[in-house]
Amino acid sequence: MSSRDAILGRIRRSLGASGSDATRLAAVRHRLAETPVNVVPARGQLPSSERVDLFVRKAGEVFASVARLEGREDIPGAVVSYLRDRNLPQEIRRGDDRRLADLPWEREAQLAVTTGPSDGSDLVGLSHSDAGVAETGTVVLTSGTDNPTTLNFLPDHHIVVVDASTVAGDYETVWAELRRRFGAGVMPRTVNLVTGPSRSADIEETLLLGAHGPRSLHILVVG
Amino acid sequence: MSGGLTSQSFPKNARAALANPPLLKAIAHIEETLVGGRRRATEALPEFKALRDAGRDIKAHALDHLDLYLEAFERKVVEAGGFVHWAADAADANRIILDICRKAGAQRVTKGKSMITEEVGLNAFLQENGIAPVETDLGEYIIQLRGETPSHIIAPAVHVNKEQVAADFRRAHADLDPKRNLEEPTSLLAEARGVLRERFLSADVGITGANFLVAETGSTVIVTNEGNGDLTQILPKTHIVLASIEKVVPTLEDVATIMRLLARSATGQEMSVYTTFSTGPRRTGDPDGPEAFHVVLLDNGRSAMLGSEFEDMLRCIRCGACINHCPVYRSIGGHAYGSVYPGPMGSVLTPSLQGLEKSAHLANASTLCGRCESVCPMRIPLPKMLRHWREKEFERHLTPKKARFGLAAWRFLAARPRLYGLATRLGAWGLARLAGRDGSLRQAPLAGSWTRWRDLPAPEGGTFRTEWAKRGRK
């Protein structure tokens with residue numbers, strides 16, 4: 001007998017249950033198809049502008065920095081200011097995502113923009129998030145042809161664009177949106193929920209930022 | 001690791017820990033950081049109690065249908081282009097992982113933090129077979145350099161101070177400038193970041209654990225703060241996930257509920273920095289991510305816990321809250337337990353995994369004060385299960401002779417109320433005579449190990465039963 005059958009057999013014996021019991025199968029099918037929502041904190045259930053305010057406040061509490069922009073066309077200028085304020089070279093790397101590619105980068109002649117995944121030599125990465133979660137100041141990033149995951153982890157500084165209209169009150173709203181985009185039960189290879197910059201407290205329980213991932217997380221909230 | 005388990009010598013280990021001031025100083029931080037953090041985070045979320053109930057119900061439902069959810073999970077992993085392997089025990093898991101590494105031609109292997117790989121002793125096994133895995137979580141990296149095991153499930157190097165880390169780094173990173181300053185945690189972190197960055201970029205295989213397996217989507221989920229787990233799994237060509245079977249939950253909604261409990265209970269964060277869902281290998285056109293994705297599902301004794309008095313333990317999400325709040329752990333640290341998993345959750349789990357014969361002391365390494373159960377996000381009745389193990393220890397004659405004799409004598413008397421009354425009256429009278437003027441005993445018959453460390457207050461007045469009888473008459 002294979003290990004698989006042995007393990008499943010032992011589980012069924014211990015539970016005193018059968019793998020073909022119609023009631024059990026129906027319970028599982030129902031749960032997987034209906035994906036019932038459990039307890040959702042009231043904290044994020046706010047009108048849209050207050051929800052974005054909560055997102056900004058929560059992101060700040062976990063040591064992300066946040067800038068609010070009126071429109072998408074302000075993104076290149078905001079990136080340039082961020083680099084200048086931190087004495088960083090005017091160089092970024094980003095994915096080919098249309099939401100980033102279509103921006104007026106030509107307005108910032110001094111800024112060098114390269115595209116594609118990171119090999120670890122980039123100081124600053126720019127990504128576009130699919131959603132924000134107000135409840136905890138979390139940004140949601142999905143991998144895909146134009147959205148390399150390495151940009152979320154290898155650069156020292158990670159700049160993430162969040163469209164204010166995509167800021168949800170809770171994770172459950174984000175799951176619903178993922179199902180709408182990718183299909184029920186289907187996920188892109190990597191979905192990252194990022195809440196603040198990388199940190200460690202492994203040495204004498206002292207909290208330090210910038211462990212293995214980005215030392216700083218800068219969020220540009222647009223709209 | 002499985003080779004270094006010393007649960008049998010718990011009393012000796014505990015005495016050694018109590019005489020180790022640097023260890024005691026290191027674990028003293030837990031009160032402010034982890035215990036205080038949890039209190040603040042849970043007080044800030046009015047729904048925390050309701051979430052605990054929901055979390056318990058999700059896991060109970062998943063365990064009741066565990067076979068079916070595992071099958072559903074497997075189907076989704078395969079649909080996404082991944083492989084699922086089933087491991088009955090530690091040896092199976094190690095062999096499967098070695099085989100994947102060999103087929104991938106792996107020279108260099110990185111690892112994210114994973115207690116399950118500690119449970120199966122994966123590092124030692126791979127090393128014996130010519131593959132040297134590198135731990136990448138800062139705490140795990142430190143203890144790997146020291147040749148130690150984790151002393152805490154979420155803070156593996158909690159017993160180490162920064163001076164020790166500096167000495168370890170000087171020894172291990174001999175190619176760096178010997179005059180460099182390593183006084184501050186920041187410089188230690190920066191050095192580890194630099195050294196490990198090279199390892200991440202050159203790894204052939206990355207191995208992680210999983211906090212959740214999602215049946216709905218076939219995703220494995222890791223929750224970390226450092227980002228090392230992510231670098232471990234997105235850079236190498238092959239990503240292997242080792243997870244035990246009880247990690248499966250039905251849906252993304254269920255993950256969200258337990259996520260809200262996990263970090264708050266563990267570190268006092270509302271959310272850990274990185275919660276990452278990995279589903280299959282990279283897709284056509286993806287510019288990065290692993291080309292092969294393997295999930296190894298480990299049983300190792302868990303299927304036998306289902307339907308037993310220890311089933312509730314399978315709800316555990318490894319947050320460490322019971323450990324942080326345990327007065328015994330806080331007095332001796334994690335290594336004294338001599339098991340992979342320390343503290344209350346470890347004392348319940350270890351006998352199930354490695355047999356009661358090798359770990360009978362652990363159920364007694366508790367005052368049964370109940371703090372563990374009161375903070376457990378999954379409402380696991382830990383004290384009740386510790387009592388179950390004590391009963392089994394007695395049934396199997398693993399309890400020391402003296403204790404068995406004492407219990408037998410007590411049983412004899414308790415079944416004979418008149419004799420019991422006489423014996424307790426005599427005992428109380430005798431002890432009161434033996435006591436000094438301050439009403440306490442520096443030595444007492446049959447209680448030498450108690451009075452060696454503290455005085456025993458002598459009984460005052462009559463026994464409970466005589467007092468009860470007196471008051472009843474009034």
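Residues numbered from 1 in each chain as written. Chains lettered and ligands numbered in written order. Predicted model: local features only at pLDDT ≥ 70, side-chain atom pairs only at ≥ 80, totals over all residues.

Novice: Would you mind going over the overall build of chain B with me for this structure?
Specialist: Within chain B, the secondary structure is distributed over 23 helices and twelve strands. Expected size for 474 residues packed as a compact globule is a radius of gyration near 23 Å; at 25 Å, chain B falls within 12% of this value. Along the first, second and third principal axes, the C-alpha atoms of chain B reach 90 × 60 × 45 Å. Across the 474 residues that make up chain B, the buried fraction comes to 53%. A separation threshold of at least 6 residues defines the contact pool for chain B, and within that pool the share at least 24 residues apart is 74%. (Helix = DSSP H or I, 4+ residues; strand = E, 2+ residues; numbered from the N terminus. Rg over C-alpha atoms; globule rule 2.2 N^0.38 Å. Buried ≥ 20, exposed ≤ 12 C-beta atoms within 10 Å, placed from the backbone. Contact = placed C-beta atoms within 7 Å.)

Novice: Where do I start with the sheet that holds strand β3 (residues 132-135) of chain B in this structure?
Specialist: Within a sheet, each strand pairs with its neighbour through backbone hydrogen bonds, oriented either parallel or antiparallel. Residue and element names in this part refer to chain B. If you walk across this open sheet you meet the six strands as β1-β10-β7-β4-β2-β3, and the pairing is parallel. Sheet topology places β1 (83-87) and β3 at the edges, where each strand pairs with a single neighbour. Neighbour-to-neighbour, the strand axes of this sheet turn through a mean angle of 25 degrees, independent of strand direction. Pairing between β1 and strand β10 (residues 292-298): five bridges, direction parallel. Looking at the pairing, Trp86 lines up with Leu297 of β10. (Pairing = 2+ DSSP bridges. Axes fitted to C-alpha atoms, helices over the stretch in contact; angles between N-to-C directions.)

Novice: Before we go on, may I ask you to explain the domain arrangement of chain B in this structure?
Specialist: Many structure descriptions define interface size as the accessible area lost when the parts assemble. Taken as a whole, chain B is organised into domain 1 (56-303) and domain 2 (415-473). Spacing between the C-alpha centres of domain 1 of chain B and domain 2 of chain B amounts to 55 Å. (Domains from an automatic or database assignment.)

Novice: Looking at this structure, I do not really get the environment of Phe277 of chain B. What am I missing?
Specialist: Relative to the elements of secondary structure, Phe277 of chain B occurs in strand β9 (residues 274-278). Looking at Phe277 of chain B, the number of C-beta atoms within 10 Å reads 22, which means it is buried. Taking the C-alpha atoms as reference points, Phe277 of chain B and Gly218 of chain B, 59 residues apart in sequence, are found 9.5 Å from one another. Apart from residues no more than four positions distant in its own chain, Phe277 of chain B is found in contact with Met187 and Val191 of chain A together with Ser219 and Val221 of chain B.

Novice: Please explain the sheet that holds strand β3 (residues 112-115) of chain A as it appears in this structure.
Specialist: Residue and element names in this part refer to chain A. The six strands lie next to each other as β1-β12-β7-β4-β2-β3, forming an open sheet whose pairing is parallel. Strands with a single pairing partner mark the edges of an open sheet, and in this sheet they are β1 (65-69) and β3. Between one strand axis and the next, the sheet turns by 25 degrees as a mean value, whatever way the strands run. Together, β1, β2 (91-94), β4 (124-128), β7 (157-163) and β12 (216-222) form the strand contacts of helix α4 (residues 75-85), whose direction differs from that of β12 by roughly 155 degrees.

Novice: I would appreciate a short explanation of the pairing of β12 of chain A in the present structure.
Specialist: In summary, the side chains of a regular strand alternate between the two faces of the sheet. All names here are of chain A. Most of β12 is tucked away, with seven of its seven residues classed as buried. Because side chains alternate across β12, one face comprises the buried residues Ser216, His218, Leu220 and Val222, and the other comprises Leu217, Ile219 and Val221, equally buried. Taken together, the five bridges between β1 and β12 define a ladder with parallel strand orientation. The residue of β12 that forms the bridge with Arg68 is Val221.

Novice: Would you explain the packing of helix α10 (residues 162-172) of chain B against helix α11 (residues 185-202) of chain B in this entry?
Specialist: Each pair of packed helices gets described by two things: the angle between the helix axes and the distance between those axes. Residues and elements named next belong to chain B. Where α10 contacts α11, the two axes come as close as 10 Å, and the packing angle between them is 35 degrees. Every pair of crossing elements has a handedness; the one defined by α10 and α11 is left-handed. Across the interface between the two elements, Lys162, Val165, Ala166 and Phe169 of α10 pack against Pro185, Leu188 and Glu191 of α11. (Left-handed = near helix turned anticlockwise from the far one by under 90°.)

Novice: Looking at this structure, how should I read the environment of Arg84 of chain A?
Specialist: Residues and elements named next belong to chain A. When you line up the elements, Arg84 lands in helix α4. By C-beta crowding, Arg84 is classed as exposed, having 11 other C-beta atoms within 10 Å. Along the backbone, Arg84 and Ile11 are 73 residues apart, and their C-alpha atoms lie at a distance of 60 Å.

Novice: It is not clear to me how the interface of chain A and chain B should be interpreted in this structure. Could you clarify?
Specialist: With 62 residues of chain A at the contact, the number on the chain B side is 82 residues. When contributions to the side of chain A that touches chain B are tallied by element, the ones reaching two or more residues are α1 (3-15), α2 (22-34), α6 (150-153), α7 (171-182), β9 (190-194) and β10 (199-200) of chain A. Per-element accounting of the side of chain A that touches chain B gives the leading share, ten residues, to α1 of chain A. Of the residues that constitute the side of chain A that touches chain B, the class distribution is 26 nonpolar, 25 polar and eleven charged. Note that β9 of chain A and β9 of chain B share five bridges and pair antiparallel. When the bridges of β9 of chain B are listed, Val191 of chain A appears paired with Phe277 of chain B. (Nonpolar A, V, L, I, M, F, W, Y, C, P; charged D, E, K, R; others polar.)

Novice: When you look at the packing of α2 of chain A against helix α5 (residues 66-79) of chain B in this model, what are you seeing that I'm missing?
Specialist: The interhelical angle for the contact between α2 of chain A and α5 of chain B, taken along N-to-C directions, is 50 degrees, at an axis separation of 10 Å. The angle between α2 of chain A and α5 of chain B falls in the class oblique. As for the relative orientation of α2 of chain A and α5 of chain B, their crossing is right-handed in sense. Residues Arg24, Leu25, Val28 and Leu32 of chain A of α2 of chain A touch α5 of chain B, and the partners they reach there are Leu68, Tyr69 and Ala72 of chain B. When its residues are assigned to classes, the contact of α2 of chain A with α5 of chain B shows six nonpolar, no polar and one charged. (Parallel < 35°, antiparallel > 145°, perpendicular 65-115°, else oblique.)

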